[in-house]
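Topology and contacts: notes
Each chain is listed here by its residues.
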Amino acid sequence: GGRIAATLAGEKDSGYKAVVLLAGAVSDGRSLIAAIMGGDDKMDAALAQAEQEGKYTLTTQYGQVQDLSSEWFHELIASQPLANAASYTGPVLVMYGDKDTTVPAEVNK
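This structure is a prediction, so every number in the text was calculated from the model and none was measured. (Residues numbered from 1 in each chain as written. Predicted model: local features only at pLDDT ≥ 70, side-chain atom pairs only at ≥ 80, totals over all residues. Heavy atoms only, no water.)

Let us look at the overall build of the protein chain. Helix and strand counts for the protein chain stand at six helices and four strands. In terms of overall dimensions, the protein chain has C-alpha extents of about 45 × 35 × 20 Å along its principal axes. Looking at the 109 residues of the protein chain, the share that counts as buried comes to 29%. Restricting the contact set of the protein chain to residue pairs at least 6 apart, pairs at least 24 apart contribute 55%. (Helix = DSSP H or I, 4+ residues; strand = E, 2+ residues; numbered from the N terminus. Buried < 20%, exposed > 50% of the residue type's maximum accessible area, 1.4 Å probe, protein only. Contact = heavy atoms within 4.5 Å.)

Laid out in structure tokens, this is it:
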């Protein structure tokens, strides 16, 4: 949600009067996927599998099973939420926990 909010807030004529990000994963897409997968090598292997087999099946740390297409990888890699948010001039509140293991504090800073 925070990633999407940061992306949309900077869109021309977004209409947002304020933005609140709660543990927003707003790093570049490649870094985010690498963090989810456990490193660049694992991300590259997952993307290659998605391209060859039509999907990569990920089991999240919470036990959810998700099929990720190569399109998902490419769209996320291309996303730049901070670049979009840079043009937003309204008030912003960023909240995060310093013990969050899903979206580390460094990503929020």
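This paragraph deals with the packing of helix H3 (residues 40-53) against helix H4 (residues 70-78). Remark: H3 packs on H4, axes separated minimally by 8 Å, with the N-to-C direction vectors making an angle of 135°. In terms of orientation, H3 lies oblique with respect to H4. Facing H3, whose interface residues are Met43, Ala46, Leu47, Ala50 and Glu51, H4 presents Ser70, Phe73, His74 and Ile77. (Axes fitted to C-alpha atoms, helices over the stretch in contact; angles between N-to-C directions. Parallel < 35°, antiparallel > 145°, perpendicular 65-115°, else oblique.)

To continue, consider a nonpolar patch on the surface. A cluster of nonpolar residues, Val20, Leu22, Leu93 and Met95, forms a patch on the protein surface that exposes about 370 Å² of accessible area. Breaking the nonpolar patch down by element, the ones donating at least two residues are strand E1 (19-22) and strand E4 (92-95). By secondary structure assignment, the location of Leu93 is in strand E4. (Patch = residues over 30% accessible without salt bridge, like charges linked within 9 Å, V, L, I, M, F, W, Y side chains within 5 Å. Areas by Shrake-Rupley, 256 points an atom, 1.4 Å probe, with all protein chains shown as cover. Salt bridge = Lys/Arg side-chain N within 4 Å of Asp/Glu carboxyl O.)

Sheet analysis places strand E2 (residues 56-59) next to strand E3 (residues 65-68), joined by four bridges and oriented antiparallel. Counterpart to Leu58 in the pairing with E3 is Gln66. Between E2 and E3, which pair antiparallel and follow one another directly, the connecting turn spans five residues, one of which, Gly63, has a positive phi of 90°. (Pairing = 2+ DSSP bridges.)

Right, let's talk about helix H1 (residues 2-9) for a bit. Along H1, the positions that sit buried rather than exposed are Gly2, Arg3, Ala6 and Ala9. Viewed end-on, H1 has its buried residues packed into an arc of 140°, placing them on one side of the element. (Arc of directions from axis to C-beta.)

As a further point, take the nonpolar core. In terms of nonpolar packing, the biggest core is built from 14 residues, with Ile33, Met37, Leu68 and Phe73 touching the most fellow members. Within the residue set of this core, elements represented by two or more residues are helix H2 (29-37), H3 and H4. Tallying contributions element by element places H3 first for this core, with four residues. Among all residues touching Leu68, those that are not within four sequence positions of it are Met37, Ala50, Lys55, Tyr56, Leu58 and Phe73. Counting residues in each nonpolar core, the second largest holds six residues, with Ala9, Val19, Leu21 and Val26 among its members. (Core = buried A, V, L, I, M, F, W, Y, C linked by side-chain atoms within 4.5 Å.)

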